[in-house]
Amino acid sequence: MLNRTLIMLIVISSIFIIAMDTANAEENSTLIIYDTNRNFGYVEDVVLSVKEMLYHYTSEIEVVLLEDYTTNGIQDYEYAIIIGLESSSDFSQVVMDSMNYEGKVFWIGEGIEQLINLDDLGFEIGENIFSYRNVEYKSYTGSLGIKRDFKRINIRDEKIEVLASLNNNLEKNPFIINVDKLWYMSKIEITSKLLFVFADVLNDFYELKEFDEESIYIRLEDIHAYTDTKKLREIGEYLYKENIPFMMALIPVYKSDKYKDLVRMNEVPEFVETIKYLTTIGGSVVLHGYTHQYTGESSGEGYEFWNGIDNRPLDVDMAQWVGERIPKALDECVSNRIYPLLFEVPHYAISQDGYYEVGKYFSTIIGHFQNSDLGFATTVYPFELYDTNYGVSIVPENLGYFDPSNPLTLEALRENMEVLDIVRGGLGGFFYHPYLGIENLKECIEIIKSYDVSFFDITEENHSVNWKNNSIELIDGMYIVNFVEEESVIGIAETVISDSITYLILFLAIVIFIQLWILIIFRKKHKKRLDQ
């Protein structure tokens, strides 16, 4: 009875919090108007990548193709983001409507000249300059790598604020500017650090005032029945001693490229016990596919929800494919009393309909976001995305991993930490393969600790997993598990309480005991006085 009451209180409070968050999100209604969703010759979907990023700020997002835009369509929204990727696009109706628009406009790329021609904004757009290779934003200066072209922005009015600049060691050129209710960025790049600069500017565009402390998570990658449990335990215990929560990306069924038989977790009891032990010292489980392979590869090497050979979506019914593999994987885990909270797509590769199918089972996925079905192309975000178009939240991975074949792998980690630091309220993710041993991981942790960040604990958020008539829920630190194992008709209905909740209940029990003890003593003394 006590457990049911406690659970009901938690659920009610969580619903209230979610309702408040939803109400706040709807205040930021946003319309995206675009002329085309891809740059010529590229498979990356720019518009989809921007749309998904906006789920960090709002859940009320509409997208309309420029040719489908209707008069005054912008007026029903508080914010408008206009994306021009083709110089020949006609934005005249959008321009006319924006002249009387009370909301904020963020114009990206082509077409801004059509607005300048009608309204003196205090700046002009010049020719493309093919020489910029560095970006400056606030206190950050970083290299963009190879040179590329950006529009020259000539500023005539001192009231215009330059938010970010480009340089070629000879001259600076504005990259993002703001005047009144108009923001302008000369180009959108979704695969470089410029996306992180854009993300932080959006913090001001949407007028965010408070930010979560920058935090980093550690994920141990490609863990399966043949993982060296000695190394895995050593790493887990090291992270625990360092007070660092960690995730374990679990492949529940192992398939070798040399043998036909599948190896399930329960066939290796020591492995199961190791995973369960690590969940008691700060570890949480991420489901990393069913076998993490599709054709003849070994688990951990192949794809599972993408055709990696032909670089295209799988030629299968994704609803059926995902609907078979994820429930099987969850059955394997929960029958061994292992409870995944998140899903990580193998190699981050999955088709768009695959995301929708995964969203039927998991409330949260982790990793990069694949933005295209035309080829493998992912977007790396600097913060968590909430209630996205696919019905899931996305926890980003943006710090990379330790690559023993790359002599500059530690320098890459430092650079990625610097780039993440651009964004207020950023969430960083780093993953590590346990077979590499503990010493390399210690070096990575020392680098991460040298920055002013905390470590992210996924169990401090609410998550849900649902399949068939089964469920795993994490609500305010409490695991609520309902599972029926069909083959043996053995039911498991249990509540697993995290350490924080356990300590809270223990503390309350002690307080109640002390109060009862004081009350009993008081009554005894009072009774003696009455007897006298």
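As the structure is a prediction and not an experimental result, all values here were calculated from the model. Residue numbers here run from 1 along each chain, matching the order of that chain's written sequence. Where local features are concerned, this predicted model is filtered to residues with pLDDT of at least 70; where side-chain atom pairs are given and counted, the filter is 80 or more; whole-chain, interface and lining totals use all residues. Water and hydrogen atoms were dropped before computing side-chain values, which therefore reflect all heavy atoms in the structure.

1. Some points on the packing of helix α6 (residues 229–241) against helix α11 (residues 438–449)
Then, number 1: Lines fitted to the C-alpha atoms define the axes, with helices restricted to the stretch that makes contact. Angles between their N-to-C directions range from 0 to 180 degrees. Only DSSP runs of H or I covering at least 4 residues are called helices, and only runs of E covering at least 2 are called strands; the numbering of each starts at the N terminus. Two numbers describe how α6 lies on α11: the axes approach to 10 Å, and their chain directions differ by 25 degrees. Relative to α11, the element α6 is oriented roughly parallel. Remark: the crossing between α6 and α11 carries right-handed chirality. On the side of α6, the interface is formed by E234, I235, Y238 and L239, while α11 contributes I438, L441, K442 and I445.
Then, number 2: Residue polarity is assigned by list, with Asp, Glu, Lys and Arg as charged and Ala, Val, Leu, Ile, Met, Phe, Trp, Tyr, Cys and Pro as nonpolar; anything else, Gly included, falls into the polar class. Here the contact of α6 with α11 is composed, by residue class, of 6 nonpolar, no polar and 2 charged. Angles below 35 degrees are treated as roughly parallel, those above 145 as roughly antiparallel, those between 65 and 115 as roughly perpendicular, and all remaining angles as oblique. For any helix crossing, the convention is left-handed if the near helix is rotated counterclockwise from the far helix by under a right angle, and right-handed if that rotation is clockwise. The contact criterion used is simple: two residues touch if any of their non-hydrogen atoms lie within 4.5 Å.

2. With respect to the nonpolar core
Then, number 1: The criterion is simple. A nonpolar core is a set of buried Ala, Val, Leu, Ile, Met, Phe, Trp, Tyr and Cys residues joined through side-chain atoms within 4.5 Å. Buried means the residue's accessible area, taken with a 1.4 Å probe over protein chains only, is under 20% of the maximum for its type, while exposed means over 50%, and partly exposed covers the values in between. In terms of nonpolar packing, the biggest core is built from 129 residues, with F106, I188, F198 and L239 touching the most fellow members.
Then, number 2: With 9 residues, the top contributor of residues to this core is helix α5 (residues 194–205).
Then, number 3: Residue contacts for F106: discarding those within four places in its chain leaves A80, I81, I82, I176, W183, Y184, M185, F198, V201, L202 and F205.

3. Some thoughts on a nonpolar patch on the surface
Then, number 1: What goes into a patch is any residue over 30% in relative accessible area without a salt bridge, connected to like charges within 9 Å or, for nonpolar side chains (Val, Leu, Ile, Met, Phe, Trp, Tyr), within 5 Å. Only the protein chains shown count as covering a residue, and every accessible area follows the Shrake-Rupley method with a 1.4 Å probe. Salt bridge, as used here: a side-chain nitrogen of Lys or Arg that lies within 4 Å of a carboxyl oxygen of Asp or Glu. Residues M96, M99 and L118 make up a contiguous nonpolar surface patch of roughly 290 Å² in combined accessible area.
Then, number 2: Relative to the helices and strands, M96 resides in helix α3 (residues 92–99).

4. With respect to the confidence of the model for the chain
Then, number 1: pLDDT expresses, on a scale from 0 to 100, how confident the predictor is about each individual residue. Considering every residue of the chain, the mean pLDDT works out to 87; 84% of them sit at 70 or more.
Then, number 2: Within the model, the stretch residues 1–25 combines pLDDT values under 50 with 16 contacts to residues more than four positions away or in other chains.
Then, number 3: The model gives residues 487–491 a pLDDT under 50, and that stretch makes 5 contacts with residues more than four places away or in other chains.

5. Observations regarding the packing of aromatic side chains
Then, number 1: Pairing of aromatic rings covers Phe, Tyr and Trp, the last counted by its six-membered ring, and requires centre-to-centre distances within 6.5 Å; plane angles under 30 degrees mean stacked, over 60 mean edge-to-face, and any other angle means tilted. One pass over the structure, following the stated rule, counts 24 aromatic pairs.
Then, number 2: Residues F343 and F362 carry aromatic rings whose centres are separated by 5.4 Å and whose planes lie at 40 degrees to one another, so their mutual orientation is tilted. Residue F343 is located in strand β15 (residues 340–343), and its partner F362 is located in the loop between α9 (352–358) and β16 (364–366); the two are separated by 19 residues in the primary sequence.
Then, number 3: By relative accessible area, F343 is classed as buried at 0%.
Then, number 4: With a centroid separation of 4.9 Å and 15 degrees between ring planes, the pair formed by Y401 and F431 is classed as stacked. Note that Y401 is positioned in the loop between β19 (393–395) and α10 (409–420) and F431 in strand β20 (residues 427–432), a separation of 30 residues in sequence.
Then, number 5: When its relative accessible area of 37% is taken as the criterion, Y401 is described as partly exposed.
Then, number 6: Judged by its relative accessible area of 9%, F431 falls in the buried class.
Then, number 7: Put simply, the rings of Y57, Y79, F106, W183, F198, F205, Y206 and F383 touch in pairs and so form one group of aromatic residues.

6. Description of the side chain of D35
Then, number 1: With respect to the helices and strands, D35 occurs in the loop between β1 (30–34) and α2 (46–54).
Then, number 2: Although D35 is buried, it makes no salt bridge; K151 carries the closest opposite charge, 11 Å away.
Then, number 3: Residues adjacent in sequence count toward polar contacts only when both atoms are side-chain atoms; beyond that, a polar contact is any pair of N or O atoms within 3.5 Å, and within protein one must be able to donate a hydrogen and the other to accept it. Within polar-contact distance, the side chain of D35 engages the backbone nitrogen of L85 at 3.0 Å.
Then, number 4: Setting aside its immediate chain neighbours within four residues, D35 contacts L65, L66, I83, G84, L85, E86, S89 and F91. His is not counted, nor are the chain ends; Lys and Arg add positive charge and Asp and Glu add negative charge.

7. Brief notes about α3
Then, number 1: If you check which residues of α3 are buried, you get V94, V95, D97 and S98. Down the axis, α3 shows its buried residues gathered within 165 degrees of arc, on one side only.
Then, number 2: Contact partners of the buried residues in α3: β1, β3 (79–84), β4 (104–109) and α4 (112–116). Within this analysis, the arc is defined by the directions that extend from the helix axis to the C-beta atoms.

8. Quick word on the environment of R414
Then, number 1: Structurally, the position occupied by R414 is in helix α10.
Then, number 2: Judged by its relative accessible area of 33%, R414 is partly exposed.
Then, number 3: Remark: the alpha-carbon pair of R414 and C444, spanning 30 residues in sequence, is separated by 9.1 Å.
Then, number 4: If we skip the residues at most four places from it in the chain, R414 touches I447 and Y451.

9. Considering the pairing of β20
Put simply, side chains in a regular strand alternate between the two faces of the sheet.
Then, number 1: Across the 6 residues of β20, 6 count as buried, placing the element largely inside the fold.
Then, number 2: When DSSP finds at least two bridges between two strands, those strands are taken to pair. Here strand β10 (residues 215–223) runs beside β20; their pairing, made up of 6 bridges, is parallel. In the strand pairing of β20, I216 is matched with G428.

10. Here's the deal with the environment of S284
Then, number 1: You can see S284 is positioned in strand β14 (residues 283–287).
Then, number 2: Along the chain, S284 and I458 lie 174 residues apart, while their C-alpha atoms are 7.6 Å from each other.
Then, number 3: Those residues in contact with S284 that lie beyond four places of it in its chain are F246, M247, M248, L341, I458, T459 and Y479.

11. Describing the environment of N39
Then, number 1: Mapped onto the secondary structure, N39 falls in the loop between β1 and α2.
Then, number 2: Residues N39 and G84 lie 45 residues apart in sequence; the distance between their C-alpha atoms is 9.8 Å.
Then, number 3: Those residues in contact with N39 that lie beyond four places of it in its chain are V46 and L85.

12. Here's the deal with the pattern of salt bridges
Then, number 1: Applying the stated criterion across every chain yields a total of 28 salt bridges.
Then, number 2: In this structure, the salt-bridge partner of K187 is E189, at a minimum N-O distance of 3.9 Å.
Then, number 3: You can call K187 partly exposed: its relative accessible area is 25%.

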